[in-house]
Amino acid sequence: MMKGLFSNLNNKVNEILKEESSFITQVKNKIEDKQVQIPINSEMILYILKKQEIEGISNLDVTITDDLMKISGIAKKMLLSIDFSFDLKPKSTSGRVITFEVVGMKPLNQEWIKNRVFNKPKVLSYHSNCISIDINEIESIKNIPVGKIKGFSIKDNKLLVGLGV
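Residues numbered from 1 in each chain as written. Predicted model: local features only at pLDDT ≥ 70, side-chain atom pairs only at ≥ 80, totals over all residues. Heavy atoms only, no water.

1. Brief notes about helix H2 (residues 42-50)
In an α-helix there are 3.6 residues to a turn, and that puts residues three or four apart on one side. Of the residues making up H2, those classed as buried are Ser 42, Ile 45, Leu 46, Ile 48 and Leu 49. Along the long axis of H2, the arc covered by the buried residues comes to 155°, so they all point the same way. Facing away from the buried surface of H2 by more than 90 degrees, the exposed residues are Glu 43 and Lys 50. Looking at the buried positions of H2, the neighbouring elements they touch are strand S1 (36-40), strand S2 (57-65), strand S3 (68-77), helix H3 (111-118), strand S6 (124-127) and strand S7 (130-134). Structurally, the start of H2 carries an N-cap: the backbone nitrogen of Glu 43 is 3.1 Å from a side-chain oxygen of Asn 41. (Buried < 20%, exposed > 50% of the residue type's maximum accessible area, 1.4 Å probe, protein only. Helix = DSSP H or I, 4+ residues; strand = E, 2+ residues; numbered from the N terminus. Arc of directions from axis to C-beta. Contact = heavy atoms within 4.5 Å. Polar contact = N/O pair within 3.5 Å; in protein donor to acceptor, adjacent residues only side chain to side chain.)

Shown next as structure tokens:
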């Protein structure tokens, strides 16, 4: 009789633990699915680019259209002024860093311009035709102390970033 009672009790405890575990998993999944959409406009990206002065680079501009972000400006090299522009397409995220692929550049493949504009430790980096931007440098995102990028898209001339837990 005692054996049956303990067996019954053990089964009940296991059922309760399974239900509780299932409930906790459901709550956790719902929380993980939630995200806050934060619009990032071209002025915010330009602020990140201009945060540190870049020697030999002037007239920086950022535009966001359709599914691309375009960064343009003038680079000086040996007394020559060279107009440049990069077409960037969002590629991936990690934490609060968005990586963009360079899908177009004028003039063609001027690596020195990419390196000069996009190698700013902690904020921007350039590697293998990809540019990574730490969006935590933008005030509206810096003010949200928790969360990482869950998704992103370009819509209405803004980069929409979804932050979530």
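2. Some thoughts on the side chain of Arg 96
Mapped onto the elements of the fold, Arg 96 is located in the loop between strand S4 (80-94) and strand S5 (97-106). Of the side chains bearing the opposite charge, Asp 134 lies closest to the buried Arg 96, which forms no salt bridge; the N-O distance is 7.1 Å. Within the local environment of Arg 96, its side chain forms a polar contact with the side chain of Asn 136, the two groups lying 2.6 Å apart. (Lys, Arg positive; Asp, Glu negative; His and termini not counted. Salt bridge = Lys/Arg side-chain N within 4 Å of Asp/Glu carboxyl O.)

3. Considerations on the pairing of strand S9 (residues 158-164)
Of all 7 residues that make up S9, 5 are buried, and the element is covered over most of its length. Judged from the 5 bridges that link them, S1 and S9 form a sheet pairing that is antiparallel. Along S9, the bridge assignment pairs Val 36 with Leu 163. Sheet analysis places strand S8 (residues 148-155) next to S9, joined by 7 bridges and oriented antiparallel. Opposite Phe 152, over in S9, you have Val 161 as the bridge partner. The turn joining S8 and S9, which pair antiparallel and follow one another in sequence, is formed by 2 residues; a positive phi near 50° is taken by Asp 156. (Pairing = 2+ DSSP bridges.)

4. Thoughts on the pattern of salt bridges
Oppositely charged side chains can pair when the atoms bearing their charge come close. Counting across every chain of the model gives 2 salt bridges. Ionic pairing is found between Asp 67 and Lys 89, a salt bridge with its closest N-O pair at 3.7 Å. Of this pair, Asp 67 sits in the loop between S2 and S3 while Lys 89 sits in strand S4, and the two are 22 residues apart along the sequence. Given a relative accessible area of 37%, Lys 89 falls into the partly exposed group. Of the charged contacts in the structure, one is a salt bridge between Lys 70 and Asp 87, with a shortest N-O distance of 3.4 Å. Here Asp 87 lies in strand S4 and Lys 70 lies in strand S3, a separation of 17 residues in the sequence. We classify Lys 70 as partly exposed; its relative accessible area is 33%.

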